[in-house]
Structure formats: C-alpha cells, structure tokens
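For reference, the chains in residue letters:
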Amino acid sequence: MSASWPADVDLLDQIGTWLYQQRWFPGTTGETVRLVANIDLSAYSAKPGANPEDGLDPVWISIIQVGEAFIAVPLVYTDEKPDFGVIKELDGAYVVDGPYSPAFLRAWLRKAFENGTLSPIEPELADSALESLLAEAERAFVLTGEQSNTSVRFGGDFACVLKFLRVLHPGTHPEVEVTKALAKGGWKHVPKPIAYLSEHVAVSGLAGEVVLGFAGQAVEEARDGFELFVEMATAGTDPTQLAHELGKVTAGLHENMAQAFGESEASGPDALKERLHVNLSAAAAEVPFLRDGEITEALASKIDEIGDLQTLPPHIRIHGDYHLGQVLLGKEGWVILDFEGEPLRPLEERRVPDLALRDVAGMLRSFDYAAAKGGGSDEWLKNARDAFIAGYTADGGFGPIESELVRVLEIEKAAYEAVYEYRMRPDWIWIPSNALARLAV
C-alpha cells in the first residue's frame, strides 16, 4: 500500500531542522523560511511494469524561500524505509530526501521525457535512454562531497551524473545552455547532455521557466582534477604534462565558447579597473589582514597600472568558476564540468561575457591550493603554473598585456578566496594571504 501525506501536518515543521543541517542550505537560524510551491511528480513514479492500479507514494519538489533565495527540496513520503536519505519518521511512514529514492528518480526521468528534454542532443535516442535509466534507478547512488547541489550517478548504456539544483533562478540556465551548445558543436571535452528538467513556476520572485536539474554523460575512469594534483604535489611528481594538457584543453574551451556565443568588445581598462577596486575594497572591509596592513595599497597600485593599457582582449562567454575541482581526467583526456557558475548569483549575471583570462587566473589560483594542500614545493607550483600557461598559449607564453591582466585577475580571485576562507575555513586563509603578499610585490 502507498503512504498518504497527513493533511494536517505542516511540512516545514517536519523538515526544518534537517534543512539547516544541509551544506547547500543558505539560511541561518532565525531567518524566515516559507514553503511557496510544490511540484507534484507522483503520477510518474511507478516501477517499470507495475500495475497501474497500485497506489503511488507522494513524490514532489518543494520550493522553499529563505531570505531572497529559492531552494528546491525533492521529497518522497513512503511506508517503505530506505537504507539512506531518511529525513524523519512520521505516522508510521518516512519523509525521504528525493535524490536517495528510486521513485523520485523515475518520476524526474519520466517528466523530462514528457517535456522533450531527455537526450536533447540526440532526441531519436530518448526512448532508449528512458528505458535504460529507469532500469538503473534502483542502483543509482548519491555522490558525496557536493555543496550547492546534490548529484546522483546512473550506470548502464546512458551512464550519467544527474545534478539536482538546489538554488533556483528563472531564465536560461548556463549549465544547460553552454553544455548543449558545445556538445552540439562536437567538442568532446564537456559531458554530453543526457537530460534536463525545467518547469514553469508562478511564484513572486521566481516567475518563469526554472531548470531543476541536469544530467551529463559520465566520464569513464575519471579522476578529480584537484585530488589528482594534490596527490602529485604530495609525492613530488612532475605536474608539467598534465598541466600542459589542461592548458591546451582550456584554450579549446575558450575557442569553442567564442564560436558558439560570439565575441564582444571589451568595455575598456577603466571599467575593469573599477570592478577590481570594488572587489578588493569589499574584501579589505571584511578580512583583517587586508584591512589593517599596507598590502591593500600595494595591490590597489597594481590594479591602477592596467589603466595604461589602451585595449583589452574581446569578451566571450567563460566558465566563470574555473578551478581544478571543475575538471576530470578520464581515459580520453580532460573533461570540463559545472558551467552553472556561482549558484547565488542571478543567471543573467553568470551569462555576461568576460575576459577569458579570468578563467586562466582561477585555474592558476587552484594550482596554488593544490600545492598548499599537498605540501608541494615552490618549484612544483611554478612548474605546474608555467606548464598550464604554455599549454594555453600553444607554448608561446603570455605577452606583456596578458601577463599584466592575469596578475590583476589573480588579485581579484585571491581577494575573493580570502573572504571565503575568513568566513568558512579560517585555517586555510594563509593560502590566499600568501598569494596576495606575492602579488603585491
């Protein structure tokens, strides 16, 4: 028999404590939290071949507003206790986090199929994809380590990683937009889109088409880029070959982004300088070592020097949150993931073209983190950075303009890191602190 949600029970009363314990939840204790909508997927959740007269457990996505953010919370209410994902026992049944439930996974897949967003690159394979993924739903499992989203790994002929978006925004989602465009263009260094699900939401502040999740083809024999370079730093293994290959793939990313979305003229050095000063000042207002020392003046002077540039490279669509944790090394080389951008920023801001070198600066900062965590030497770090730049520039190296721009973009990134570490991981703040000291000279 199926469970029925008790009509007189308030959902937030049941899951509120659990919500505040989730790493992806942006709220703080005492902040107003409201349930603003439910998307019912119960009718899509049956097991393949099940009797249509059998009852179905409630399966749905709750949209919860916390402050100005809107959060997606997939949920299932069932009288069969699962091994994982139980949020709370209620009236002899269980409230379950949706990504852990095969019933919810089946419902999500069937709804995507109905919407025409299953196998979007090869729509002729949608029927086969649905059959395969439904059969794999019982064996699919949640991946660990996520922060802003929750991901589920499917096996089978259409092996993929399905990422459930937790923070929602209306409009064109860059994860879907960019990955579809690059995959359609035949570029092999992004996961081929397997599915995505979007629904129209009519909620004040979230009105319009909203993407709820995205599935990209799984990377075979994948190694996480950050973990790999940390291991190499720890062992003192030469990083140059892999860093050079990653630089080359990154150049390919920017070439393909420019082809897919076009180029636009840069707004000029003054506009860039103003942005950099604003971000540095914001960091200095919060982080003590920037606020109290002379280092901020030295960094500001470095930013002022870009005012002497007459022109900047054109702007293109970029990754926007590019670091070693966003790349995988598979058996066919590097694959770039997660074009979502920073989840708390509006989608339109994440889609604004920028300097491609901003991605380069982000990756160079990530090598710094890998060296720090792995105990790599200064020589190891220099070799990794130099090899990445060589790969990116086809072994030509950066000219004076590019070198100056990368330097100030690294200042911007390291200042952002300093704020993050000060708030979240104070024991790590020495990493961006040392970088800013080096960049100030």
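Cut-offs used in this document
As a convention, each chain's residues are numbered from 1 in the sequence order in which they are written. Only residues with pLDDT of 70 or above have their local features reported here, since the model is predicted, and side-chain atom pairs are shown and tallied only from 80 upward, although totals for entire chains, interfaces and linings are computed over all residues. Excluded from the side-chain calculations are hydrogens and water; all other atoms, namely the structure's heavy atoms, are used. Remark: exposure states derive from per-residue accessible area (1.4 Å probe, protein chains only) relative to the maximum for the residue type, with buried under 20%, exposed over 50%, and partly exposed in between. Strands are runs of DSSP state E lasting at least two residues, helices are runs of H or I lasting at least four, and both sets are numbered from the N terminus onward. Here a strand pair is declared whenever DSSP counts at least two bridges between the two strands. Any two residues having at least one pair of non-hydrogen atoms within 4.5 Å are treated as being in contact. Geometry is summarised by axes, namely lines fitted to C-alpha atoms with helices restricted to the contacting stretch, and by angles between N-to-C directions that run from 0 to 180 degrees. Whenever two N or O atoms come within 3.5 Å, that pair is a polar contact, provided that in protein one can donate a hydrogen and the other can accept it, and provided that, for residues adjacent in sequence, both atoms are side-chain atoms. For this classification, under 35 degrees means roughly parallel, over 145 means roughly antiparallel, 65 to 115 means roughly perpendicular, and everything else is oblique. Note on convention: the crossing is left-handed when the near helix lies turned anticlockwise from the far helix by less than a right angle, right-handed when the turn is clockwise. Polar here means any residue outside two lists: the nonpolar Ala, Val, Leu, Ile, Met, Phe, Trp, Tyr, Cys and Pro, and the charged Asp, Glu, Lys and Arg; Gly therefore counts as polar. Take the buried Ala, Val, Leu, Ile, Met, Phe, Trp, Tyr and Cys residues and link them wherever side-chain atoms come within 4.5 Å; each set so joined is a nonpolar core.

Participant: It is not clear to me how the pairing of strand β2 (residues 59-66) should be interpreted in this structure. Could you clarify?
Facilitator: Across a regular strand the side chains alternate sides, sitting on one face of the sheet and then on the other. Counted residue by residue, β2 has 8 buried out of 8 residues, so it is predominantly covered. With burial as the criterion, each face of β2 is covered, one bearing Val59, Ile61, Ile63 and Gln65 and the other bearing Trp60, Ser62, Ile64 and Val66. With 7 bridges connecting them, strand β1 (residues 33-40) and β2 associate as antiparallel partners. Within the sheet, the bridge partner assigned to Ala37 lies in β2 and is Ile63. The pairing of β2 with strand β3 (residues 69-78) spans 8 bridges and is classified as antiparallel. Paired with Val59 across the two strands is Val76, which belongs to β3. Here β2 hands over to β3 after 2 residues, with Gly67 in that stretch at a positive phi of 65°.

Participant: What am I meant to see in helix α4 (residues 174-184) here?
Facilitator: For the α-helix, the turn length of 3.6 residues means that residues three or four positions removed from each other point alike. Among the 11 residues of α4, 9 are classified as buried, and the element is accordingly described as predominantly covered. Listed as buried for α4 are Pro174, Glu175, Val176, Glu177, Val178, Thr179, Lys180, Leu182 and Ala183. Buried-residue contacts for α4 involve β8 (160-165), β10 (193-201), β11 (208-217), α6 (240-261) and α10 (347-350). Gly186 sits one or two positions beyond α4 and adopts a positive phi of about 90°.

Participant: Got a minute to help me understand the sheet that holds β8 in this structure?
Facilitator: By definition, the strands of a sheet pair up through backbone hydrogen bonds, in either a parallel or an antiparallel sense. The sheet built from 5 strands is open, its strands ordered β6-β7-β8-β11-β10 with antiparallel pairing. Looking at strand neighbours, the two that pair on one side only are β6 (141-142) and β10, the edges of this open sheet. Two strands pair when backbone bridges link them, and β10 and β11 are joined in this way by 8 bridges, in the antiparallel orientation. Looking across to β11, one finds that Val201 is bridged to Gly208. In this fold helix α2 (residues 102-115) packs onto β7 (149-154), β8, β10 and β11, with an angle of close to 85° to the strand it touches most, β10.

Participant: Would you take a moment to explain the environment of Asp338 for this structure?
Facilitator: When you line up the elements, Asp338 lands in the loop between β14 (333-336) and α10. Taking the C-alpha atoms as reference, Asp338 lies 34 Å from Ala298; in sequence the two are 40 residues apart. What Asp338 contacts, discounting residues up to four positions off in sequence, is Lys163, Glu175, His319 and Gln326. For Asp338, the side chain forms a polar contact with the side chain of Lys163, separated by 3.0 Å.

Participant: For this particular structure, what's the right way to read the packing of helix α5 (residues 225-235) against helix α11 (residues 357-374)?
Facilitator: Helices that pack against each other are described as a pair by the angle of their axes relative to one another and the distance between those axes. At a minimum axis distance of 8 Å, the contact between α5 and α11 shows a crossing angle of 50°. With respect to α11, the element α5 is oriented oblique. Note on packing geometry: the crossing formed by α5 with α11 is right-handed. Of the residues in α11, those in contact with Phe226, Phe229, Val230, Ala233 and Thr234 of α5 are Ser366, Phe367, Tyr369, Ala370, Ala371, Lys373 and Gly374. For the contact of α5 with α11, the residue count by class is 8 nonpolar, 3 polar and 1 charged.

Participant: Which parts of the structure should I look at to understand the side chain of Lys163?
Facilitator: Mapping Lys163 onto the fold places it in strand β8. Of the residues examined, Lys163 reaches a relative accessible area of 6% and is grouped as buried. Within the structure, Lys163 has its side chain in polar contact with the side chain of Glu175 (distance 2.5 Å). Dropping the residues within four chain positions of it, Lys163 is found in contact with Asn149, Thr150, Ser151, Glu175, Leu212, Gly213, Phe214, Asp338 and Glu340.

Participant: How should I be thinking about the nonpolar core in this particular structure?
Facilitator: Generally speaking, a soluble globular protein has its nonpolar side chains buried in company with each other. Phe229, Leu246, Leu299, Leu324, Trp334 and Phe367 are the most contacted members of the largest nonpolar core, which has 75 residues in total. Leaving out residues up to four positions away in the same chain, Phe229 has contacts with Pro239, Leu242, Ala243, Leu324, Trp334, Phe367, Ala370 and Trp380. Within the second largest apolar cluster, 47 residues are counted, among which are Ile39, Trp108, Leu130 and Leu133.

Participant: What should I look at first to understand the pairing of β7 in this one?
Facilitator: By the criterion of burial, β7 is predominantly enclosed, with 5 of the 6 residues buried. The sheet contact formed by β6 and β7 spans 2 bridges and is antiparallel. Bridge pairing links Val142 to Val152 in β7. In this structure, the hairpin formed by β7 and β8 is closed by a connection of 5 residues, where Gly156 is found at a positive phi of approximately 90°.

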